[in-house]
Amino acid sequence: MRVRRRAAVVAALTRPTVRSLPWRLLAGGWSLGVVVAAVPALFSLDLPAAVLANVVRAAALCGAVGTAFVLDDPARHTTGAVPVPRPLRQALRVAVVGLAGAVWWAAVLGVVRAGADAESWAALPAGALTVEAGALSGLALALAGAAVRFSAVRLPGPAVAAALPALPVAAAVFLPYEHALFVPPGDPRWADAHTLWAGILAATLAVWAGCGPEPRRRVRAVPGRGGGVPQRGGGR
Amino acid sequence: MTALTRTPVTAPAPPSARDGLRAVLALARVEARRLLLHPLVLVSLAGYLALLLWPGGEPEDAYPVLQDVDRETQFGQLLLGLAVMIAANLGVLRSHRRGTDGSFAVLVVQPWRRTCAHVLSVLPTVLVGALIVAGQFTAEALKPGAVGHGSVFELVTGPLLILLLAVLGVLLGRLIRSSFVAPLAAVAVIAAAFVFVADSSSPAWLRGLAPVLFDEGARPLPSGLLGRPAGWHALYLLALAVLAAAGAVRASGGRTRAVRATALTALGAVVAAVVLQGTAPSDAVREAREVATRDPAEVQDCVRRGPTTYCAFPEFTPWVDEWARVTDRVRSLAGGPGAEQALTVRQKVNALDGPSGTGEPSPAAPGEVTASTAWGGERELEFAASVARGLVVGHERYAGVFCDARGVLTVWLAIRATRDGEALFEKTGEGYNSPGVIQAPVTAVALRDRELTVVERLLALPRERVGRAVRAHWAELSAAGTTTDRAATLLGVTAPAETAADREWMCA
Amino acid sequence: MTRPTVSAAGLTLSYRGTRAVDEVTLRLTEGVTGLLGPNGAGKTTLLRILATATVPDNGAFTVLGHDPSTATGRQDARRVLGYLPQNPGFHPDFTAFEFVDYVAILKDLTDRRSRHAEARRVLDAVGLADVRGKRIRKLSGGMKQRVALAAALVGDPGFLVLDEPTVGLDPEQRMRFRELIAEAGEGRTVLLSTHQTEDVAMLCHRVVVMDKGRVRFDGTPAELTAVADGRVWRSTERQPGARAGWRTGTGEFRNVGDPPEGARLVEPTLEDGYLLALGGDPVAEVAV
């Protein structure tokens, strides 16, 4: 009964969800990603697999910047107290964007393939790079989810998108050699790095899922200090 | 309540052109503070400083080569610049994002003046970047082991990168009113700077278009041989920043003749800088590289210490004492004829491909051994191996691995003559994923498993005991025909049998 | 009629050490209850709590018999309440109809035909029948506010929470909105936060005054006016004992506060009672 009811809500909600998503921003990020991925093909550069992997990563980062806006909802307060739970609404958004994003990602890989010689393409582990791309987008999603959960902002996207490029850069700069995330294909650290990537993907999705439900109890940091969860921009 | 009663107040004087400038400066001050204290900038600064001040580092860091250190400051500045770009962009878009455009549109200070203020507001952040560069370089230059000369142009490149990116953030904010663009631009800059143009084989003018002139060669070069168009590149970045600033001012309605003249001048400077970068390196530099590579003696200073003569490029002569310390240790371990044999330590480079070159210098002339242009840690071990090879073998031509007593002797001498030699030997093996290999200048000194095992057994013995045996049997150990088994016996250990992998090596 | 439909006890919520809502106990009944208070009094926070948009640190409340402190209780409460936030946001590309329909889906109305009928009904009710096919970005401020009210009215909620719905409306629109709210108050519990004492005087059967997170007054509008009985007077000079005083169009001062002996008392208004109910704070801070 409940499942059928939910299914009916999802069916009814899909169209307005598709309409309300920030497609222009997503398309902007995705377009830049395709442009980056197309550089080797456009200029007929014969790039080795290591550089191609970085091209794919740059494209993935463009997509992640777009993903930062997925939870932007200008009508958040107007729909602040409705019975359809937030996790369902967010999951629907993510599912719609995820489907479109999968098509985009296939296009990115296709464009890279078109610009790579057979040998370089064979040396490029597309599956593992997809995990990296998923983790980067998952990171954006987790940040946006946390911003929605812990503040009253309607549009977490701009702040998340601004912070997002900093994280991979910080990872590239700060992580020690043995635990590097951005390793070239064929490197002995590749397997370890991708275990880490898969962990990041799982962790970010878990954070997003954890931030989904609306709180029923307020988290009180230090009893007596009356801090509570900061709620910026909510108005008192 | 009475506060609202109209009382005469000193009314502000009617505005003049000067006041307009003053308003821009006042606004710039406010924006500058907001930019510098923007969370993204603060976090990036904190991360950047933490990275710089983090204790530890390689032993090689104690011997910085200043003409390389100067350009190593640029990447951190580039990353800081990306954060500043996004923050400056958000600053420009604040009014749009917070819905104050309507009320601000009718204020006295026109939008293009506000853009000017935003452009000016990035200068304190650029200054902070410059201070970090100055601090970083000064700290390196003050190290007792520092050699060489930094270039002012390389040093200002970093702060200019921050300037360019920040002004680009302002420009983007004026062109596209979405806070989405700056993060994407950051990704694009990352792609342009790190992914595509990290290739030194591209034409010089194309390389010059990238934010950072990337050069990562095998070893430092004397500063006169670098031939990097650092000055033109700095001009390029500056002119591009001015062009972007003029574009931002124009985009927000500042269509004055001065703005157009500035834009045209900047555009001219950008084109000129790109063209001039393409002309580097000059013929003089090419010739100097040729000389330094083929006939270094012509440009080197030599010092005689006992039986050894040390010849170095003038900038590197402070390291002669370090070389002498290691050379003397090798000689004292060798004893007898090895201690007295005349030897010239000559510093050599392969400068033909400039600072990106990865080629090794040519083998030394008879009676000479090669020193590189890097020092400290593993480089010390490599130099010790070079000296030991000079005493034991007498040449640097690659003729295969020494599958005999000479290999064992050379490596043992190198390890024992170096501070922390054993640890460094292990580390260098791990680093290159090839245990038993020392990346000595010109050609690596490599051991097969068999010889490596003998050396490891020798290292387990007291060094005096092995040292006595080495001195006693120097002539036999350093002779070409002496087998590994014989060497092991002479030195008091046993040698394992030859393995299948051992047999695949080409023996000298 | 006097049976409480929404009751709250000891509601407390702090932000960074300040108590935005401090031990608020309330019983609401059918009809329109006005919530008055200066800026920062905690009105919005109280409304957000009662609308289940935020969770209190302490205290409990029920909405039409549902306890929102449990997951199912909150779902059930949300099915029967409508909330118009202080600054309602919209998807600007949606038409008025699409937006209200979207909110209807989120209120769990899944049957397409009846949902569309409901969306049309509430848009008719707020007088937007002719513009329901227009994109929200093209609507005027007053119309947008009515879209938000329509969204709150979807599903015929028994409890309606309206946070300053008349802000920024012109007098005619405000009049129209008062009509709508009065209509909505028939057979429903409406909690209306406002700065307009006239709204309260004209609409509400009951009024609550809040300041610094606490309830300072709870009673009928007549009782609030009565607080100022004998404390409003006219004078020709500025009066030092007046909590508030201003020169009126006649050239005389109208004072609220503690009158001197033999003062010329005048009939108080609800606003006078509100000012005095706020207590000992300097009146200059009170935004009316």
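As shown above, the structure is provided for reference.
Heads up: these notes are all about the structure in this document.

Next up on the list: the packing of aromatic side chains. Within the structure shown, the criterion is met by eleven aromatic pairs over all chains. Their ring planes at 65 degrees and their centres at 5.4 Å tell us that phenylalanine 316 of chain B and tryptophan 319 of chain B sit as a pair that is edge-to-face. Under the relative-accessibility criterion, phenylalanine 316 of chain B is labelled buried at 0%. Linked through ring pairs, Phe90, Phe94, Phe99 and Tyr102 of chain C together constitute an aromatic cluster. Between arginine 19 of chain A and the ring centre of phenylalanine 94 of chain C, over which it is positioned, the NZ or CZ distance is 5.1 Å. Looking at arginine 189 of chain A, its charged tip hangs above the ring of tyrosine 177 of chain A, at a distance of 3.9 Å from the centre.

As a further point, take the interface of chain C and chain A. Taken residue by residue, the interface counts 49 residues in chain C and 40 residues in chain A. Roughly 3900 Å² of surface becomes buried between chain C and chain A when both sides are summed, with 53% attributable to carbon and sulfur atoms. For chain C, the biggest contributors to the area lost against chain A are Tyr15, Arg78 and Leu106 of chain C; these three give 16% of the whole. Here glutamate 98 of chain C and arginine 15 of chain A are joined by a salt bridge, their closest N and O atoms 3.6 Å apart. The interface formed by chain C and chain A holds eleven residue pairs in polar contact (both at pLDDT 80 or more) in total. Top contributing element to the side of chain C that touches chain A by residue count: helix 3 (residues 96–106) of chain C, with six residues. The residue makeup of the side of chain C that touches chain A, split by class, is 21 nonpolar, 17 polar and eleven charged.

This paragraph deals with helix 18 (residues 449–460) of chain B. Residue and element names in this part refer to chain B. Look at helix 18: 17 Å from first C-alpha to last across twelve residues, which is about the 16 Å you get at 1.5 Å a residue. Buried within helix 18 we find Arg450, Glu451, Leu452, Val454, Val455, Leu458 and Leu459. In this fold, the buried residues of helix 18 make contact with helix 16 (405–417), helix 17 (421–431), helix 19 (463–472), helix 21 (484–491) and helix 22 (500–503).

Conventions adopted
- Residues numbered from 1 in each chain as written.
- Chains lettered and ligands numbered in written order.
- Predicted model: local features only at pLDDT ≥ 70, side-chain atom pairs only at ≥ 80, totals over all residues.
- Heavy atoms only, no water.
- Phe/Tyr/Trp six-rings, centres within 6.5 Å; stacked < 30°, edge-to-face > 60°.
- Buried < 20%, exposed > 50% of the residue type's maximum accessible area, 1.4 Å probe, protein only.
- Lys NZ or Arg CZ within 6 Å of the ring centre and 35° of its normal.
- Contact = heavy atoms within 4.5 Å.
- Buried area = accessible area lost by both parts, 1.4 Å probe.
- Salt bridge = Lys/Arg side-chain N within 4 Å of Asp/Glu carboxyl O.
- Polar contact = N/O pair within 3.5 Å; in protein donor to acceptor, adjacent residues only side chain to side chain.
- Helix = DSSP H or I, 4+ residues; strand = E, 2+ residues; numbered from the N terminus.
- Nonpolar A, V, L, I, M, F, W, Y, C, P; charged D, E, K, R; others polar.
- Expected span 1.5 Å × (residues − 1).

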